[in-house]
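Geometric and topological summary
Residues per chain, in single letters:
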Amino acid sequence: MSAPRDQHFLVDRRAVEKIAGFVEVSGRRVLEIGPGEGILTRALLDRGATVIAVEIDPALVEELEIAFADEIEEGRLEIIHGDAKKVDIPPFDIVVANLPYSVSSKLTFRLLEIGFEVAILMYQKEFARRMIAPPGTPNVGRLSVMVQTYASVKPLLDLGPGSFRPQPQVRSWVVRITPHEPPYPVADRRVYADVVRVLFSHRRKTVRKGLRSGKDAFPAQAIERAIVELPDDLLQRRPEDLMLEEFALIANTLAGS
């Protein structure tokens, strides 16, 4: 079967075994997003996991339901037909998935919002490199700030195009994401997320100008109050120059904390 949308099926069985073995899944509820033809699903089930597989493509769902009929009947596998960005997902402990490239960011943000113990996720290599870009460096962006605020990221495996069918034009990285509490107090996570989004939407502007461009997210009065209260040297810098604690300071000031 051809890959739907931007899905590239992992066919490298050695890589599959490594991915399934990076975290202990026996007796755990494991979320898999985009199971495709089920090669990773099989490896997880063989290791004693109970798998919740979310697949958007109806033809693949039908194939999976046939191939894994016994495991579904035994209650070891639940297949959910839907868009993982918005479908209701039952409780789970761990995430193991080869994410479609085009929705990697949205799915990562949603998973962090839902919460999990640990995730083993595959991304386009350059996307994963942005995730670990240190704050205060030119490559930092919304993705890296949001992920590093709430989790640690460790690269585990580098895969070339030959590990997939059809072959992508890029290399892929498998990473371990482990959630943690923010390193600095965050009074309101929604305000924090909006601050990061607004500032990086205007990343060539100073913080002062970027905040004033965010009247769709914050009341004008709150913005002006924050500009008065925040240090002038911070307001003159650009978002790529900020550290995590400075994003928290801006958000907490806007939130009135």
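Use the structure listed above.
Now for a look at the structure at hand. (Residues numbered from 1 in each chain as written. Predicted model: local features only at pLDDT ≥ 70, side-chain atom pairs only at ≥ 80, totals over all residues. Heavy atoms only, no water.)

Things to note about the pattern of salt bridges
Scanning the model with the defined rule gives 21 salt bridges in all. For R42, the salt bridge identified is with E71, shortest N-O distance 2.8 Å. Of this pair, R42 sits in helix 2 (residues 39-46) while E71 sits in helix 4 (residues 69-73); the two residues are 29 residues apart in sequence, bridging distant segments of the chain. Here R42 falls in the partly exposed class, since its relative accessible area comes to 30%. In this structure E71 comes out as buried when scored by relative accessible area, which is 9%. Here D158 makes a salt bridge to R171, at a shortest N to O gap of 2.8 Å. Placement of the pair is D158 in strand 7 (residues 151-159) and R171 in the loop between strand 8 (164-165) and strand 9 (172-179), with a sequence separation of 13 residues. Accessibility expressed as a relative area gives 39% for R171, which makes it partly exposed. In the salt-bridge network here, residues are joined through shared partners; they are R42, E71, E74 and R76. (Salt bridge = Lys/Arg side-chain N within 4 Å of Asp/Glu carboxyl O. Helix = DSSP H or I, 4+ residues; strand = E, 2+ residues; numbered from the N terminus. Buried < 20%, exposed > 50% of the residue type's maximum accessible area, 1.4 Å probe, protein only.)

Concerning the sheet that holds strand 7
Sheet strands pair by backbone hydrogen bonding; their relative direction is either parallel or antiparallel. The strand order 4-3-2-5-6-9-7 describes an open sheet built from seven strands, whose pairing is mixed. What marks the edges here is a single partner per strand, and that holds for strand 4 (77-81) and strand 7. On average, each strand axis in the sheet is inclined to that of its neighbour by 20°, with strand direction left out of account. Here strand 7 runs beside strand 9; their pairing, made up of eight bridges, is antiparallel. Pairing of L157 across the sheet is with V174, part of strand 9. Across the sheet, helix 2 lies against strand 2 (29-33), strand 3 (50-55), strand 4 and strand 5 (94-98), angled at about 175° from strand 2, the strand it touches most. (Pairing = 2+ DSSP bridges. Axes fitted to C-alpha atoms, helices over the stretch in contact; angles between N-to-C directions. Contact = heavy atoms within 4.5 Å.)

Quick word on the packing of aromatic side chains
Overall, the coordinates contain three aromatic pairs when judged by the stated rule. Ring plane angle 80° and centroid distance 6.2 Å describe the contact between Y150 and Y192, whose orientation is recorded as edge-to-face. Taken together, the residues span a long stretch of sequence, with Y150 in helix 7 (residues 142-150) and Y192 in helix 8 (residues 189-201) at a distance of 42 residues. For Y150, a relative accessible area of 9% translates into the label buried. Measuring from ring centre to ring centre gives 5.8 Å for F200 and F247, while their planes differ by 25°; the resulting arrangement is stacked. (Phe/Tyr/Trp six-rings, centres within 6.5 Å; stacked < 30°, edge-to-face > 60°.)

Nothing here speaks to function; it is geometry throughout.
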